[in-house]
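Notes for the structure review
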Amino acid sequence: PLYQRGETGGLVTLKIFDILGREITTLVNEQKPAGNYEVKFDASNLSSGVYIYKLQAGEFSSVKKLMLLK
């Protein structure tokens, strides 16, 4: 879960970076209550390759790889 028990939500950011660490786009940057969310990501202007995404929600932070194939 993105939040610990008792937390009601907070600032949520979801950013995409290229493999060199340059920010490509910010998909989410807003206050959100705790819950599950879905975000559409239009990658039509990006080339195939490896990208990094970073999700931050309150005290939670996660960085993972994303493989884009066209």
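One can find the structure itself at the top, above this paragraph.
Described in the following lines is the structure provided in the data block. (Residues numbered from 1 in each chain as written. Predicted model: local features only at pLDDT ≥ 70, side-chain atom pairs only at ≥ 80, totals over all residues. Heavy atoms only, no water.)

**Observations concerning the overall build of the protein**
When helices and strands are tallied, the protein shows zero helices and four strands. Counting from the amino terminus, helix and strand elements in the protein follow one another as β-β-β-β. Each of the 70 residues in the protein was classed as buried or not, and the buried ones make up 23%. Residue pairs at least 24 apart in sequence account for 43% of intrachain contacts in the protein once pairs closer than 6 positions are excluded. Within the structure as shown, the protein displays about 5,400 Å² of accessible surface, and the carbon and sulfur contribution to it stands at 51%. (Helix = DSSP H or I, 4+ residues; strand = E, 2+ residues; numbered from the N terminus. Buried < 20%, exposed > 50% of the residue type's maximum accessible area, 1.4 Å probe, protein only. Contact = heavy atoms within 4.5 Å. Areas by Shrake-Rupley, 256 points an atom, 1.4 Å probe, with all protein chains shown as cover.)

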